[in-house]
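The chain contents come next:
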Amino acid sequence: MSELSINTTQNVKINFIAASAGERIGSYFIDLSIKLAYVIVISLIFFYGLNFGNLFDRLDSWSKGAIILILYFPFFIYTLTLESIFEGQTIGKKLVRIKVVKIDGYQAGFGDYLMRWFFRLVDITLFYGIVAIVSVVSSKKAQRLGDMVAGTAVITLKNKINISHTILEEIGDAYVPTYPLVIKLSDNDMRIIKETFQNALAKRDHEVIFKLVSKIETVTGIKNQSGNENDFLRVILKDYNFYTQNM
């Protein structure tokens, strides 16, 4: 596996493990299966269930093309949409546990995902994925062409990330982190978060906890996936510790 070094906004060097070609291929075929299932279901509904086929055959080529584009548009934008919503992951990437990140330590944005999606035409579609495989295998950072242009890479979440800071919480060896973007916070930030959270819990001050969660989301780009502010803050503290242990 290739090691990928990223310098965060706090000038801290982090070593990620780049996703292997096998992991990326596995993720691709999971997503492809989902997209093909969508196409089959939509086709059965419109052309057989609703008997739309007879009307479709009488249309001109431009009208047919427009209808096909509308019906199967989600197929084409699947990757772009899900990576934008789930911060660098599709369903396939979630199952394989890999993720798209910026190589400068920042959260990838829509423009980055769009560039990667656009270059899929060259990387995957036109040459049956050969260009993508060759690029990933030969690149030092395991990047396909779309990653190189967008300044992104795909990392595996199955391996620990080492970062030089202080341990704040006790966690087990089997702990799996949820929010990799917690690395955007500094050691001092985490001390303030921990102290504020503990004081707010003692005083049952839910307003302070809510504001603390909102501030973390704004600064880091992390989205609370638990729906519970207290659980979210506990996971943030543990995730930070996950990235700071085993020095």
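Structural data are supplied above this passage.
It should be emphasised that the depicted structure is a prediction, and the values quoted were computed from it without experimental measurement. (Residues numbered from 1 in each chain as written. Predicted model: local features only at pLDDT ≥ 70, side-chain atom pairs only at ≥ 80, totals over all residues. Heavy atoms only, no water.)

**Things to note about the pairing of strand 4 (residues 152-156)**
- With 5 of its 5 residues buried, strand 4 lies for the most part within the structure.
- Side chains Thr 152, Val 154 and Thr 156 project from strand 4 onto one buried face, and the interleaved Ala 153 and Ile 155 project onto a second face that is buried too.
- Relative to strand 4, strand 3 (residues 98-102) runs antiparallel, the two sharing 5 bridges. Note on strand 4: the bridge partner recorded for Lys 102 is Thr 152. (Buried < 20%, exposed > 50% of the residue type's maximum accessible area, 1.4 Å probe, protein only. Helix = DSSP H or I, 4+ residues; strand = E, 2+ residues; numbered from the N terminus. Pairing = 2+ DSSP bridges.)

**Some words on the pattern of salt bridges**
- In the structure shown here, the tally under the stated rule is 8 salt bridges.
- The closest approach of N and O atoms between Asp 112 and Lys 102, which form a salt bridge, is 3.2 Å. With a gap of 10 residues between them, Asp 112 in helix 5 (residues 110-118) and Lys 102 in strand 3 connect regions that are remote in the sequence.
- For Lys 102, a relative accessible area of 14% corresponds to the buried category. (Salt bridge = Lys/Arg side-chain N within 4 Å of Asp/Glu carboxyl O.)

**What about the packing of helix 1 (residues 21-49) against helix 3 (residues 61-85)?**
- With their axes 9 Å apart at the nearest point, helix 1 and helix 3 run at an angle of 170 degrees to one another. Considering their axes alone, helix 1 and helix 3 lie roughly antiparallel with respect to each other. Here Asp 31, Ile 34, Lys 35, Leu 36, Tyr 38, Val 39, Ile 42, Ser 43, Phe 46 and Phe 47 of helix 1 come into contact with helix 3, specifically with Leu 71, Tyr 72, Pro 74, Phe 75, Tyr 78 and Thr 79.
- In terms of residue class, the contact of helix 1 with helix 3 is made up of 12 nonpolar, 2 polar and 2 charged. (Axes fitted to C-alpha atoms, helices over the stretch in contact; angles between N-to-C directions. Parallel < 35°, antiparallel > 145°, perpendicular 65-115°, else oblique. Contact = heavy atoms within 4.5 Å. Nonpolar A, V, L, I, M, F, W, Y, C, P; charged D, E, K, R; others polar.)

**Some thoughts on helix 5**
- Looking at helix 5, one finds that the buried residues are Asp 112, Tyr 113 and Arg 116. With its buried residues spanning 95 degrees around the axis, helix 5 presents them on a single face. For helix 5, the exposed residues lying more than 90 degrees away from the buried face are Phe 110 and Phe 118.
- In this fold, the buried residues of helix 5 make contact with helix 1, helix 3, strand 3, helix 6 (120-125), helix 8 (145-150) and strand 4. (Arc of directions from axis to C-beta.)

**Comments concerning the pairing of strand 3**
- The element strand 3 is largely enclosed, with a buried count of 5 among its 5 residues.
- Side-chain alternation along strand 3 places Ile 98, Val 100 and Lys 102 on one buried face and Lys 99 and Val 101 on a second face that is also buried.

**Thoughts on the nonpolar core**
- Membership of the largest hydrophobic core comes to 24 residues, with the highest contact counts inside it found for Val 182, Met 190, Ile 193, Phe 232, Leu 233 and Ile 236.
- Elements with a minimum of two residues in this core: helix 9 (187-203), helix 10 (206-220) and helix 11 (229-242).
- Per-element accounting of this core gives the leading share, 6 residues, to helix 11.
- Leu 80, Val 100, Tyr 113 and Val 154 belong to the second-largest nonpolar core, a separate cluster that totals 8 residues. (Core = buried A, V, L, I, M, F, W, Y, C linked by side-chain atoms within 4.5 Å.)

**A short note on the packing of helix 9 against helix 10**
- The interhelical angle for the contact between helix 9 and helix 10, taken along N-to-C directions, is 155 degrees, at an axis separation of 9 Å. Our classification of the angle between helix 9 and helix 10 gives roughly antiparallel. When the axes of helix 9 and helix 10 are compared, the crossing they make is left-handed. The segment helix 9 lies against helix 10, with Ile 193, Thr 196, Phe 197, Ala 200 and Leu 201 engaging Val 208, Ile 209, Leu 212 and Ile 216. (Left-handed = near helix turned anticlockwise from the far one by under 90°.)

**Some thoughts on a nonpolar patch on the surface**
- A cluster of nonpolar side chains, Leu 121, Val 122, Leu 126, Phe 127, Tyr 128, Ile 130 and Val 134, forms an exposed patch at the surface whose accessible area comes to about 730 Å².
- Assignment of secondary structure puts Val 122 in helix 6. (Patch = residues over 30% accessible without salt bridge, like charges linked within 9 Å, V, L, I, M, F, W, Y side chains within 5 Å. Areas by Shrake-Rupley, 256 points an atom, 1.4 Å probe, with all protein chains shown as cover.)

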